Amino acid sequence: FSLLLLNLEEYYFEQHRANHILHKGSHHERKIRGSLKICSKSAIFEPDAISQPIIKIPLRDCIKIGKHGENGANRHFTKAKSGSISLIFSQVYFIKEHNVVAPYKIERGKMEYVFELDVPGKVEDVVETLLQLHRASCLDKLGDQTAMITAILQSRLARTSFDKNRFQNISEKLHMECKAEMVTPLVTNPGHVCITDTNLYFQPLNGYPKPVVQITLQDVRRIYKRRHGLMPLGLEVFCTEDDLCSDIYLKFYEPQDRDDLYFYIATYLEHHVAEHTAESYMLQWQRGHLSNYQYLLHLNNLADRSCNDLSQYPVFPWIIHDYSSSELDLSNPGTFRDLSKPVGALNKERLERLLTRYQEMPEPKFMYGSHYSSPGYVLFYLVRIAPEYMLCLQNGRFDNADRMFNSIAETWKNCLDGATDFKELIPEFYGDDVSFLVNSLKLDLGKRQGGQMVDDVELPPWASSPEDFLQKSKDALESNYVSEHLHEWIDLIFGYKQKGSGAVGAHNVFHPLTYEGGVDLNSIQDPDEKVAMLTQILEFGQTPKQLFVTPHPRRITPKFKSLSQTSSYNASMADSPGEESFEDLTEESKTLAWNNITKLQLHEHYKIHKEAVTGITVSRNGSSVFTTSQDSTLKMFSKESKMLQRSISFSNMALSSCLLLPGDATVITSSWDNNVYFYSIAFGRRQDTLMGHDDAVSKICWHDNRLYSASWDSTVKVWSGVPAEMPGTKRHHFDLLAELEHDVSVDTISLNPASTLLVSGTKEGTVNIWDLTTATLMHQIPCHSGIVCDTAFSPDSRHVLSTGADGCLNVIDVQTGMLISSMTSDEPQRCFVWDGNSVLSGSQSGELLVWDLLGAKISERIQGHTGAVTCIWMNEQCSSIITGGEDRQIIFWKLQY
């Protein structure tokens, strides 16, 4: 028995020792000893004798389920207490007779099987469970079936908990426990996760394959958050530095459980191997510290590819073009495939046909109707070592013998000429294990049209054996030619040519559903449609997560020596003891801060203005705090001495916002008198005035010598600000670069981290997303009734959050302009900061609210100001927070870890 005997998306719940009784009540009665396994869509009987086949009865094919002899002709056979269960059904599968992996045998027609349980007292419960699951299987709609089975599973999980007797040590301290599923290819197994101060445990609900899986935290080397079934619920743990396969992959039911567990393990790994960034691996690879194979493995890992998820299996490139010569010449560029093109664009004639179809296609257009990586393709390559996976995916059948992975040259030719074949390779082609090329299990994979049986994979003439083939493939992957061109393939699969205009130009456009964010499952209300959509996406294949948005640099090849894999890794660790530690610590600090944001405490408060505070900005070292107010003043407050150091007034009109220029020498403020003022801190005087608008300036932003100003005159203007050479001496010079026209007055603007996009919010509740590279409007979303109070991009620029006078918090998808979620509170949220998942907002009543966007709930309310919170400032590490309010106060907050 293995979980692969289940259908996709099926769960194995429990098992009972039992006898299968043949010819019950006749002279030929005989018993077959084994165990009856209750699964969510089937009953499976596994005989102890491996010569006997495993029996699988789909519940939807059952006509009647009950205690044997309860009614009908069998009544006079029953004893006082029947320990038998009777299943009457129309179809049954026989699997793995004599323990041989082969296509399932199916028998059809009305039959009755009787199973006698060792514990007769359990019969009632088992029959009840089977009847309940049978009702679920017979529901018309797939979505309803899934919902009912999920409810049954969740109630089972809720009735059980982790068995603490399984702890390795009695002194272990429990940190957290939650429900989760262990993920293996094609199947997941539900149970309980438990983490202590020394170990991570998973206990399957069904005790299969063993009662508990244990991982010592000391052994953990890498952990990755994973997208599983398009949702941010996965966590994969590796106890090795370079292995392809992980030690455990867990899928949680709540993103918060996943994040808490991830953070706990990440904090435990004090030698900070938790997660390298794509950039840090790129530097190591560029300098020759990582081999091409290792680098591709790391990129796959960072892009959500995992050996435990066949819909997101690691993807490797076809490297060699020549499968016909008797010698492989790695010094000849003609030996290699063109790495700057996707497989679909390698054959010019086929590409022209595909492009003609693409041009005539209505939106959304795509060039290729199939993907370069999907569960079917992975198992196409691995059928000889993973035959049970293929049978599981294809309902108990192998593929047609002529469509099998029969020959390397034939497969490559098909990828070049086939109308719908654009597949890349998998890491096994560059590994050490030859078993996927050899039929060592002696599987009967069928007979080809020419009459020959499908056996070992046919190798190219230049390979003398499977071992030689893999060695030469590895040599090709690490060759100079590939080192010089691999960055071009990375651009296509993980980089800037994966999406958008870069993808169109590179002929690299796949079906929209294959891209991350291509569909928002949460927005699909119909459960049937949701299940169908998810199944389609998982079977079709998914494009990796995009890791780079600019062209990937080339490898520095002259210095590159063919280092052995182990020494190259150690060298990289020794060469750069702390080169990425600063960014990593910032990231770590942000995660820590946002995980503890509900524990925010009021530290100090000062009343320094005569009217509402409108803006806060702080010097880089954190010592000087600048604030603006409707009382028309800019104030400079010292955090150390807790003293007001300066008060500056430019006109008698209110100031609306402020910011510090890089270098901390100049503060810019925007005013209701239509002007923007530049104030030199060193010289203590107004340095410049920009008279840029016809009405009040409501908000300003600055990035890379560009000033962005929003105004009630219905415009946002972009200025190039050439800074003065010497502060306080020469004036700034401004050129108007662009004017973004709106229908009504603009109340707030915000930039994305790269300053390529700007979001604006208007008086009438419209949110506009602008592309600054072309100064064009991408999306106009009417999403608030009343004024938009505040807007901001998520750190990854994928989403925009906006708050309005209507009390709504709206999340908008930047790529599509779709409103993907909306939450309401009973009062306006005037200002906020967010990390993409959690929001800290300042409300009209003076409270600070912490929102959990994924759980769609307010997780904390923190008392603060006595009037509305009007502005909020947070430093880059997210460790320091200051708010300003209508109560004329500024409040310094501290985080309690």
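Residues numbered from 1 in each chain as written. Predicted model: local features only at pLDDT ≥ 70, side-chain atom pairs only at ≥ 80, totals over all residues. Heavy atoms only, no water.

Ranked by internal contacts, the top residues of the largest apolar core, which has 103 residues, are Tyr295, Ile319, Phe405, Phe429, Phe469 and Phe494. Element by element, the count of residues in this core is highest for helix 11 (residues 480-493), at 7 residues. Ignoring anything within four residues of it in the chain, the contact list for tyrosine 295 reads Ala278, Tyr281, Met282, Trp285, Leu290, Ile490, Phe548 and His552. Membership of the second largest hydrophobic core comes to 33 residues, among which are Ile32, Phe94, Leu130 and Leu157. (Core = buried A, V, L, I, M, F, W, Y, C linked by side-chain atoms within 4.5 Å. Buried < 20%, exposed > 50% of the residue type's maximum accessible area, 1.4 Å probe, protein only. Helix = DSSP H or I, 4+ residues; strand = E, 2+ residues; numbered from the N terminus. Contact = heavy atoms within 4.5 Å.)

This next bit is on the pattern of salt bridges. For the coordinates displayed, the defined rule picks out 31 salt bridges. With a shortest N-O distance of 3.2 Å, glutamate 388 and lysine 96 are connected by a salt bridge. Placement of the pair is glutamate 388 in helix 8 (residues 387-393) and lysine 96 in the loop between strand 6 (84-95) and strand 7 (105-117), with a sequence separation of 292 residues. Its relative accessible area of 14% is what places lysine 96 among the buried residues. We note a salt bridge from glutamate 352 to lysine 348, for which the minimum N-O separation is 3.8 Å. Here the residue glutamate 352 and the residue lysine 348 both occupy positions in helix 6 (residues 348-360), the gap between them amounting to 4 residues, near one helical turn. According to the relative accessible area criterion, lysine 348 is exposed, its value standing at 62%. Three or more residues joined by partner-sharing salt bridges are found here, namely Arg226, Arg227, Glu236, Asp304, Glu516 and Arg798. (Salt bridge = Lys/Arg side-chain N within 4 Å of Asp/Glu carboxyl O.)

You can see valine 101 is positioned in the loop between strand 6 and strand 7. Residue classification places valine 101 among the buried positions, given a relative accessible area of 17%.

Take the domain arrangement of the protein chain next. Its domain assignment divides the protein chain into domain 1 (3-69 + 82-157), domain 2 (163-275), domain 3 (333-365 + 401-540) and domain 4 (589-723 + 733-895). One C-alpha centre belongs to domain 1, the other to domain 3, and the line joining them spans 39 Å. Taken residue by residue, the interface counts 7 residues in domain 1 and 5 residues in domain 3. Roughly 500 Å² of surface becomes buried between domain 1 and domain 3 when both sides are summed, with 61% attributable to carbon and sulfur atoms. Joining domain 1 to domain 3, the criterion identifies 0 salt bridges. Linking domain 1 with domain 3 are 2 residue pairs in polar contact (both at pLDDT 80 or more). (Domains from an automatic or database assignment. Buried area = accessible area lost by both parts, 1.4 Å probe. Polar contact = N/O pair within 3.5 Å; in protein donor to acceptor, adjacent residues only side chain to side chain.)

Quick look at a negative patch on the surface now. Residues Asp140, Asp144, Asp526 and Glu529 make up a contiguous surface patch of negative charge. Locating aspartate 140 in the fold gives a position in the loop between helix 1 (123-137) and helix 2 (142-159). (Patch = residues over 30% accessible without salt bridge, like charges linked within 9 Å, V, L, I, M, F, W, Y side chains within 5 Å. Areas by Shrake-Rupley, 256 points an atom, 1.4 Å probe, with all protein chains shown as cover. Lys, Arg positive; Asp, Glu negative; His and termini not counted. Charge placed at Lys NZ, Arg CZ, Asp CG, Glu CD.)

Sheet architecture is open: 4 strands sit in the order 15-42-41-40, paired in antiparallel fashion. The sheet terminates laterally at strand 15 (600-607) and strand 40 (869-874), the two strands that pair on one side only. Looking at each pair of strands side by side, their axes are set apart by 25° on average, direction ignored. Across 7 bridges, the pairing between strand 15 and strand 42 (residues 889-895) is antiparallel. Looking across to strand 42, one finds that glutamine 601 is bridged to lysine 894. (Pairing = 2+ DSSP bridges. Axes fitted to C-alpha atoms, helices over the stretch in contact; angles between N-to-C directions.)

The subject of this paragraph is the environment of leucine 840. In this fold, leucine 840 is placed in strand 37 (residues 838-843). Taking the C-alpha atoms as reference points, leucine 840 and tryptophan 851, 11 residues apart in sequence, are found 6.5 Å from one another. Those residues within four positions of leucine 840 in sequence are excluded, and the remaining contacts are Trp594, Ile597, Leu600, Cys831, Phe832, Val833, Leu848, Leu849, Val850, Ile872 and Ile881.

Moving on, we get to the sheet that holds strand 31 (residues 776-782). Taken together, the 4 strands give an open sheet; going across it, the order is 28-29-30-31, and neighbouring strands pair in antiparallel fashion. The open sheet has two edge strands, strand 28 (746-751) and strand 31, and neither has a second partner. If you compare each strand with its neighbour and ignore which way they point, the axes differ by 20° on average. In the sheet, strand 29 (residues 757-762) pairs with strand 30 (residues 766-771) via 5 bridges, with the strands oriented antiparallel. Across the sheet, the residue bridging to valine 759 is isoleucine 769, located in strand 30.

Let us now look at the packing of helix 2 against helix 13 (residues 527-540). Remark: helix 2 packs on helix 13, axes separated minimally by 7 Å, with the N-to-C direction vectors making an angle of 90°. In terms of axis orientation, helix 2 runs roughly perpendicular to helix 13. Each of Leu142, Gly143, Asp144 and Thr146 in helix 2 lies in contact with helix 13, whose residues at this interface are Pro527, Asp528 and Val531. Considering only residue class, the contact of helix 2 with helix 13 consists of 3 nonpolar, 2 polar and 2 charged. (Parallel < 35°, antiparallel > 145°, perpendicular 65-115°, else oblique. Nonpolar A, V, L, I, M, F, W, Y, C, P; charged D, E, K, R; others polar.)

In this section: unusual backbone geometry. A negative phi holds for most residues other than glycine; trans holds for most peptide bonds. Geometrically, the link from tyrosine 208 to proline 209 is a cis peptide bond, its omega value of 0° lying close to zero. Residue position: proline 209 is located in the loop between strand 10 (199-204) and strand 11 (213-216). Omega for the bond connecting glutamate 363 with proline 364 falls within 30 degrees of zero, at -5°, which places this linkage in the cis form. Assignment of secondary structure puts proline 364 in the loop between helix 6 and helix 7 (375-382). In this model, lysine 442 sits at a positive phi of 55°, which is unusual for a non-glycine residue. With respect to the helices, strands and loops of the structure, lysine 442 is situated in the loop between helix 9 (408-417) and helix 10 (466-477). Among the residues examined, lysine 442 registers a relative accessible area of 64% and is labelled exposed.

A covalent bond bridging the sulfur atoms of two cysteines is what the word disulfide describes. Overall, the coordinates contain 0 disulfides when judged by the stated rule. Free of any disulfide, cysteine 138 has its nearest cysteine sulfur in cysteine 62, 8.2 Å distant. Assessed through its relative accessible area of 39%, cysteine 138 is described here as partly exposed. (Disulfide = S-S within 2.5 Å.)

Right, let's talk about the packing of helix 1 against helix 2 for a bit. As a packed pair, helix 1 and helix 2 sit with axes 8 Å apart at the nearest point and diverge in direction by 150°. As the angle between them shows, helix 1 and helix 2 are arranged roughly antiparallel. Every residue of helix 2 that contacts helix 1 at Thr129, Gln132, Leu133, Arg135, Ala136 and Ser137 is listed here: Gln145, Met148, Ile149, Ile152 and Arg156. Here the contact of helix 1 with helix 2 is built from residues that sort into 5 nonpolar, 4 polar and 2 charged.

Before going further, it helps to spend a moment on helix 11. With 14 residues, helix 11 should cover 20 Å at 1.5 Å per step; its first-to-last C-alpha distance of 21 Å lies within 8% of that length. At leucine 486, helix 11 is bent by approximately 40°, the largest bend along its length. Where burial is concerned, most of helix 11 is hidden: 10 out of the 14 residues are buried. Of the residues making up helix 11, those classed as buried are Tyr481, Val482, Ser483, Leu486, His487, Trp489, Ile490, Asp491, Leu492 and Ile493. As for helix 11, its buried residues are in contact with helix 4 (278-286), helix 5 (292-302) and helix 10. (Expected span 1.5 Å × (residues − 1). Bend = angle between axes of the 7 residues up to and from the residue.)

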